[in-house]
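A look at the structure
The primary structure of each chain is shown beneath.
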Amino acid sequence: VEETFNSFWGQFGWMALPLQSWTYTLILLFLIAALSGWLVGFRAHSQANQRFAPPVRASPDARQRAAWGVVIVAGLLALAQYAYYNTEFLQFQGRYLYPGLIPFGLWIALGVDGWRRVIFGQDGRSVLRPYITAVVIAGLLLALDLYILWRVIPGLAP
């Protein structure tokens with residue numbers, strides 16, 4: 001699990017150059033925050049719907065359910081192909097999970113959005129507040145990218 005996690009997020013040079021352990025810890029903390037945001041956002045959303053919902057709730061339309069079905073199936077297929085590949089060749093490299101990047105990224109974004117809804121409220125009246133989360137996340141990812149470009153990648157040079 002550790003090798004898969006590390007190589008999914010960044011392990012270069014034919015698996016010979018992993019990132020420093022603190023970067024994996026930060027990524028893991030971010031993922032835990034996203035997962036907890038998913039749960040917190042779901043709870044806040046369900047409580048808000050109980051307080052302010054009209055007597056008859058509108059259910060998601062067929063297209064929305066179909067889209068979620070595709071996302072869920074794509075994520076499960078990515079996990080299944082990873083498991084199958086490792087029963088045949090035993091290479092626990094995270095790159096074999098890359099077919100699931102879109103559903104995994106969507107689930108992480110929903111977790112971050114869950115925290116955004118709890119912190120900034122669900123009213124949606126403020127124009128600036130929803131963008132604060134995006135700016136903070138983009139700034140953190142930019143810092144990580146610059147660190148990798150200037151401190152990690154040069155270590156691959158002979």
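Summary of the structure given here. Note on numbering: residues in each chain are counted from 1, in written sequence order. The predicted origin of the model limits local features to residues at a pLDDT of at least 70 and limits the giving and counting of side-chain atom pairs to 80 or more, whereas totals for whole chains, interfaces and linings rest on all residues. Working from all heavy atoms in the structure, the side-chain values ignore hydrogens and water.

**Some points on the overall build of the protein**
Secondary structure counts use DSSP, requiring at least four H or I residues in a row for a helix and at least two E residues in a row for a strand, with both numbered from the N terminus. Counting its secondary structure elements, the protein contains five helices and two strands. Ordered by position in the sequence, the α and β elements of the protein form the string α-β-β-α-α-α-α. Each residue's exposure class comes from its accessible area (1.4 Å probe, protein chains only) as a fraction of the maximum for that residue type: buried when under 20%, exposed when over 50%, partly exposed otherwise. Taking all 158 residues of the protein together, 22% fall into the buried category. The contact criterion used is simple: two residues touch if any of their non-hydrogen atoms lie within 4.5 Å. For the protein, long-range pairs separated by at least 24 residues make up 62% of all intrachain contacts whose partners lie at least 6 apart in sequence. Note on areas: these come from Shrake-Rupley sampling with a 1.4 Å probe, and a residue is covered only by the protein chains present in the view. Counting every atom, the protein has about 11500 Å² of accessible surface; 70% of that belongs to carbon and sulfur.

**Focus on helix 4 (residues 101–120)**
What a helix should span is 1.5 Å times the count of its residues minus one. Along its 20 residues, helix 4 runs 28 Å from first to last C-alpha, staying within 8% of the 28 Å computed at 1.5 Å per residue. Buried within helix 4 are the following residues: Pro103, Phe104, Gly111, Val112, Gly114 and Arg116. A positive backbone phi angle near 90° is found at Gly121, which sits one or two residues after helix 4.

**Side note on the packing of aromatic side chains**
Aromatic pairing here means that ring centres of Phe, Tyr or Trp (its six-membered ring) are within 6.5 Å. Orientation follows from the plane angle: under 30 degrees is stacked, over 60 is edge-to-face, and everything else is tilted. Taken as a whole and assessed by the stated rule, the structure comprises eight aromatic pairs. Their ring planes at 80° and their centres at 5.1 Å tell us that Phe8 and Trp9 sit as a pair that is edge-to-face. Residue classification places Phe8 among the buried positions, given a relative accessible area of 13%. By relative accessible area, which is 32% here, Trp9 ends up partly exposed. Summarising the aromatic geometry, the rings of Tyr85 and Tyr96 are spaced 4.4 Å apart at their centres and angled 35° between planes, so their arrangement reads as tilted. Within this pair, whereas Tyr85 is found in helix 3 (residues 62–88), its partner Tyr96 is found in the loop between helix 3 and helix 4, the two being separated by eleven residues in sequence. A relative accessible area of 24% means that Tyr85 is categorised as partly exposed. Among the aromatic residues, those joined into a ring-pair cluster are Phe5, Phe8, Trp9, Tyr24 and Tyr98.

**What to know about the side chain of Thr23**
With respect to the helices and strands, Thr23 occurs in helix 2 (residues 21–52). In contact with Thr23, other than residues within four places in its own chain, are Leu144 and Tyr147.

**A few points about the pattern of salt bridges**
Here the idea is simple: oppositely charged side chains can pair when their charged atoms come close. When a carboxyl oxygen of Asp or Glu is within 4 Å of a side-chain nitrogen of Lys or Arg, the pair counts as a salt bridge. By the definition in use, this model includes two salt bridges. For the salt bridge of Asp61 with Arg63, the shortest nitrogen-to-oxygen distance reads 3.3 Å. Residue Asp61 is classed as partly exposed on the basis of its relative accessible area, which comes to 35%. We note a salt bridge from Arg116 to Asp113, for which the minimum N-O separation is 2.7 Å. Placement of the pair is Arg116 and Asp113 together in helix 4, with a separation of three residues, close to one helical turn. Residue Arg116 is classed as buried on the basis of its relative accessible area, which comes to 17%. Using a relative accessible area of 22% as the deciding quantity, one classes Asp113 as partly exposed.

**As for the environment of Asp61**
Turning to its location among the elements, Asp61 is positioned in the loop between helix 2 and helix 3. Among the polar contacts listed, one links the side chain of Asp61 to the backbone nitrogen of Gln64, at a separation of 2.9 Å. Polar contacts here mean pairs of N or O atoms no more than 3.5 Å apart (in protein, one a potential hydrogen donor and the other a potential acceptor; neighbouring residues in sequence count only if both atoms are side-chain atoms).

**Regarding the nonpolar core**
Take the buried residues of types Ala, Val, Leu, Ile, Met, Phe, Trp, Tyr and Cys, join any two whose side-chain atoms come within 4.5 Å, and each joined set is a nonpolar core. Counting residues in hydrophobic clusters, the biggest one holds six residues: Phe8, Ala78, Tyr82, Tyr96, Leu97 and Phe104. Once residues lying within four places of it in the same chain are set aside, the contact partners of Tyr82 are Thr4, Phe92, Gln93, Tyr96 and Leu97. Counting residues in each nonpolar core, the second largest holds five residues, with Tyr24, Tyr147, Ile148 and Val152 among its members.

The quantities given are spatial measurements derived from coordinates; they are silent on function.
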